[in-house]
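Coordinates in review
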Amino acid sequence: MANRIRRTGLITAVLLAAAAAAAAYYWSTRDDKQAPTYRFAKVERGPLTATVAASGTLNPVTSVQVGTQVSGQVKELFVDFNSPVKAGQLIARIDPETLQYRVRQSEADVEAARSALGRAQVSLLNAQRDLDRTRELVSKNFVSPAELDTKQAAFDLARADVKNSSAVVAQREASLASARVDLARTEIRAPVDGVVIKRSVDVGQTVAASLQAPELFIIARDLRDMQVETSIDEADVGRMRVGQRATFTVDAFPGRTFNGEVRQVRKSAQTVQNVVTYTVLVSAANPDGQLMPSMTANVRIVTDTRESVLKISNAALRFRPPGESAAPGENKAAAEAAPSGGAGGGQLQQLRQRLLTELKLDEAQQARLQEIFEQARGRFTSLRELPEEARTKAAATVRAEMRAAIEEILKPEQKPRYAEIVAEAAGRGSPAARGRIWVLADGKPRAIDVRTGLTDGAATEITGSGIEEGLEVIVGVQGGANPAAPATKAGAPRMFF
């Protein structure tokens, strides 16, 4: 019995030892399996191009809307869609019958007025003769001077009648000229050389020109020279310059890219649902005539180019190991609220210090500036829960309002330098923009602080100590996205501007 108990205890001890060994092995292998496997990208040297993407509509550079200045029924049409026309060519005719009768009536009125003028002139000659005879008789004392006064009055009255009749003739002649002009306007002629791209009427249709000229045709002056009218968000319009290179595509010709350049940046803003945009015109050469008016064009405007810079994937700038805090100069809440770049708390302080130093703000301006920054920070944070598209538009609005609020507190002599700071930040990115990348050192991620520059949406220019071509940088965890990376749009962080 005692031997059986000892054997049972020994077996139990062996089983417990085996279970402990198995558990230790399990936990050790489990820890090994849980060790993260990282994905890497290398720092590369090469060109970098920043672009602004937008959509627009193709239109002729010059298109003329042809209307009518007289009302009536369309009697004849001499052109149709796509018809080439020359300046002065007859393209339509309005029924002229009513206006022809009006011309005849005006001609009769002119003849009647001229007859009345002739009678008035005869009466004037008769009054002149009576006045001369009476003056001679008075000189011989054959009649009294009162008779002379009577004849003088009759002469003056006849002379006034002649003037009145002459004015009536001029009035009737003007009415005749106007009727003839209206009759001529029944012939609709092309104002320019071009192609008819729209016809809005048919034969027999009645057009009324009482309030405004109704549209009959639209003539494109030259379809070989077209332009894209595109809407650029106010956050990007500061980077637009006349002469910048642009490319665009149209759905009608997939895989083909057309070239152009920025012709005009219009200062007139359009506001739709609190989103402010500006119209930018991009040239579009069309020598073979394949591009057609009103096609939708997807435009990319090149705002800046670097020939040879060190760059890294934007995923590397978004990566953050679990448990790590944001990099100095970054603010996660603000970054999440502003997907186009946002603004971090550190960057905000850098911007504030820059304004204080370069603009030499007084105490009142400093206090007001602090209030503006605090309000903007709170508004950015409140945008975190919005969908990405709405968050982008709302963040742009906040930035624009903050810029305007800062400008209001500045003195006239401070505003030029402030405009330069805004243009610099909008055009090339803030020189003080900072980011953080991670490299693997001794099996663990190690942070490197960098300065960010130009970005094309996929890669960003970086500089800093230890940054060299070929450096392997962590961009994510194998098998999944980086759990600590903020869900923001790809791109390097920049200031509120």
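This is a predicted model, so every value here is computed, not measured. (Residues numbered from 1 in each chain as written. Predicted model: local features only at pLDDT ≥ 70, side-chain atom pairs only at ≥ 80, totals over all residues. Heavy atoms only, no water.)

Residue Asn 141 is not a glycine yet carries a positive backbone phi of 65°. Looking at the element boundaries, Asn 141 is found in the loop between helix H2 (97–139) and helix H3 (145–184). Taking the relative accessible area as the measure of exposure, Asn 141 reaches 67% and is therefore exposed. Here the phi dihedral of Asp 442 falls at roughly 55°; this positive angle occurs in a residue that is not glycine. (Helix = DSSP H or I, 4+ residues; strand = E, 2+ residues; numbered from the N terminus. Buried < 20%, exposed > 50% of the residue type's maximum accessible area, 1.4 Å probe, protein only.)

Another aspect to go through is the packing of H2 against H3. Packing of H2 against H3 brings their axes to within 7 Å, and their N-to-C directions diverge by 165°. By the angle class used here, H2 and H3 are roughly antiparallel. In the packing of H2 onto H3, the handedness of the crossing is left-handed. Tallied by class, residues from the contact of H2 with H3 come to 22 nonpolar, 10 polar and 14 charged. (Axes fitted to C-alpha atoms, helices over the stretch in contact; angles between N-to-C directions. Parallel < 35°, antiparallel > 145°, perpendicular 65-115°, else oblique. Left-handed = near helix turned anticlockwise from the far one by under 90°. Nonpolar A, V, L, I, M, F, W, Y, C, P; charged D, E, K, R; others polar.)

Across a sheet, paired strands are connected by hydrogen bonds in the backbone, their directions being either parallel or antiparallel. Sheet architecture is open: four strands sit in the order E7-E6-E4-E9, paired in antiparallel fashion. Both edges of this open sheet fall to strand E7 (187–189) and strand E9 (206–207), since each of them pairs with a single strand only. As paired strands, strand E6 (residues 90–94) and E7 are joined by three bridges and run antiparallel to one another. Across the sheet, the residue bridging to Ala 92 is Ile 188, located in E7. (Pairing = 2+ DSSP bridges.)

As summarised here, the arrangement of the four strands in space is E3-E10-E8-E5, forming an open sheet in which the pairing is antiparallel. Of all the strands in the sheet, the pair left with one neighbour each is strand E3 (63–67) and strand E5 (84–85). In this structure, strand E8 (residues 194–199) lies alongside strand E10 (residues 215–220), joined through four bridges in antiparallel fashion. Paired with Val 196 across the two strands is Ile 219, which belongs to E10.

So, about the nonpolar core. Counting residues in each nonpolar core, the largest one holds 21 residues, and the members touching the most others are Leu 58, Phe 248 and Ile 301. Every element with two or more residues in this core is listed here: strand E2 (44–60), strand E11 (225–233), strand E12 (245–250), strand E13 (258–272), strand E14 (275–285) and strand E15 (296–313). Setting aside its immediate chain neighbours within four residues, Phe 248 contacts Leu 58, Val 228, Arg 256, Thr 257, Phe 258, Asn 259, Ser 283, Ala 284, Leu 291, Ala 297, Asn 298 and Val 299. (Core = buried A, V, L, I, M, F, W, Y, C linked by side-chain atoms within 4.5 Å. Contact = heavy atoms within 4.5 Å.)

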